[in-house]
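Fold and geometry: a report
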Amino acid sequence: MKNARELFQIMTRRFGLLNKTCCSVGGNDVSLVQSHILYEIDRQHNPSMQQIAETLGTDITTFSRQVQSLIKMNLVKKTQDPQDRRVYTLALTTEGKFIATTIDQQMNDYLNEVFSYMTEFEKETVLHSVKIFNDAMAKSNKCCGPLSE
C-alpha cells in the first residue's frame, strides 16, 4: 500500500483538478478560493469578513481582495454592521446563491458518481473515516487546529 502522504496528495490533486473544471457557471469563472468563500458565506448566517477569513485560514488582506473580486462579479454583498462600524458582514446576492448552489450540486453529483463505484458499506466506511480524520486534524496543534468545520 502507498504511504499516507502519497494517498492524500493524490486525493487532493484529484479534488483540485475537479474544482478547476466545476467552477464555471453561466459564464462566470470562479476560482477554487472563491468557491470556498461562496460556500462558507452560504453555510454561515450573515458571517463577518473576519469569521470567513478565519474559517478558511486566510489572512484578512488576501481575503479582502478575494471578496472585492466577488463583489465586482455581483456574487457577494458586503454590509457594515450597524452596531460595530468596524465589522462588515457578507451575504450572497441572488446570482451568488445560484452559483454557490450550482457548484454544490456539481460537487455532490461528482461525489455521488464516485460513491456509486462502492458498496453502501464502503461508502459509509469512507465517510466515517474522513469524519474521524477531520476530528483528529482539528485537535492537532500543527496547522489545522483553528479551522472550523
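That block above? That's the structure.
Every chain is numbered independently, its residues counted from 1 as its sequence is written. Totals for whole chains, interfaces and linings use every residue, but because this is a predicted model, local features are given only for residues with pLDDT of at least 70 and side-chain atom pairs only at 80 or more, for both listing and counting. Only hydrogens and water are set aside when side-chain values are computed; all heavy atoms of the structure are taken into account.

**Some words on the pairing of strand S4 (residues 88-92)**
For every residue, the accessible area obtained with a 1.4 Å probe (protein chains only) is divided by the maximum for its type, and the residue is called buried under 20%, exposed over 50%, and partly exposed between those limits. The helix count covers DSSP runs of H or I at least four residues long, the strand count covers runs of E at least two residues long, and both are numbered beginning at the N terminus. Of all 5 residues in S4, 4 are buried; the element is thus mostly enclosed. Two strands are said to pair when DSSP picks up at least two bridges between them. The sheet contact formed by strand S3 (residues 76-80) and S4 spans 5 bridges and is antiparallel. Looking at S4, one finds that Gln80 is bridged to Tyr88.

**Observations concerning the nonpolar core**
Throughout this description, the term nonpolar core refers to a set of buried Ala, Val, Leu, Ile, Met, Phe, Trp, Tyr and Cys residues connected via side-chain atoms within 4.5 Å. Counting residues in hydrophobic clusters, the biggest one holds 19 residues, and the most contacted among them are Leu38, Ile41, Phe63, Leu75, Val76, Leu90 and Ile99. Contributions of two or more residues to this core are made by helix H2 (32-43), helix H3 (49-56), helix H4 (60-72), S4 and helix H5 (94-115). With 4 residues, the single largest contributor to this core is H5. Contacts were defined at the residue level, with two residues in contact if any of their heavy atoms lie within 4.5 Å. If sequence neighbours within four positions are ignored, Val76 has contacts with Leu38, Ile41, Leu70, Ile71, Leu90, Ala91, Leu92 and Thr93.

**A look at unusual backbone geometry**
If you check the backbone angles, Asn46 has positive phi at about 45° while not being a glycine. Inspection of the secondary structure puts Asn46 in the loop between H2 and H3. With relative accessibility at 44%, the residue Asn46 sits in the partly exposed group. The residue Asn74 is not glycine, and still its phi comes out positive at about 65°. Tracing the backbone through its elements, the reader meets Asn74 in the loop between H4 and S3. Take Asn74: its relative accessible area is 45%, and that puts it in the partly exposed class.

**Considerations on the pattern of salt bridges**
Within this document, salt bridges are pairs made up of a side-chain nitrogen of Lys or Arg and a carboxyl oxygen of Asp or Glu, the two lying within 4 Å of each other. If you walk through the whole model with that rule in mind, you get 4 salt bridges. Asp42 is the partner of Lys97 in a salt bridge, and the nearest nitrogen-oxygen pair spans 2.7 Å. Remark: Asp42 occurs in helix H2 and Lys97 occurs in helix H5; sequence separation between them is 55 residues. For Lys131, the salt bridge identified is with Asp135, shortest N-O distance 2.8 Å.

**Quick look at the packing of H2 against H5**
Look at H2 against H5: their axes get within 10 Å of each other, and the N-to-C directions meet at 105°. By the criterion of interaxial angle, the relationship of H2 to H5 is roughly perpendicular. Two secondary-structure elements touch here, H2 through Ser35, Leu38, Tyr39 and Asp42 and H5 through Lys97, Ile99, Ala100, Ile103 and Asp104. Split into classes, the residues belonging to the contact of H2 with H5 amount to 5 nonpolar, 1 polar and 3 charged. Axis angles are defined between N-to-C directions and span 0 to 180 degrees, where every axis is a line fitted to C-alpha atoms and, for a helix, only to the segment in contact. For classification, angles of less than 35 degrees are called roughly parallel, those exceeding 145 degrees roughly antiparallel, those between 65 and 115 degrees roughly perpendicular, and all remaining angles oblique. Note on residue classes: Ala, Val, Leu, Ile, Met, Phe, Trp, Tyr, Cys and Pro are nonpolar, Asp, Glu, Lys and Arg are charged, and everything else, Gly too, is polar.

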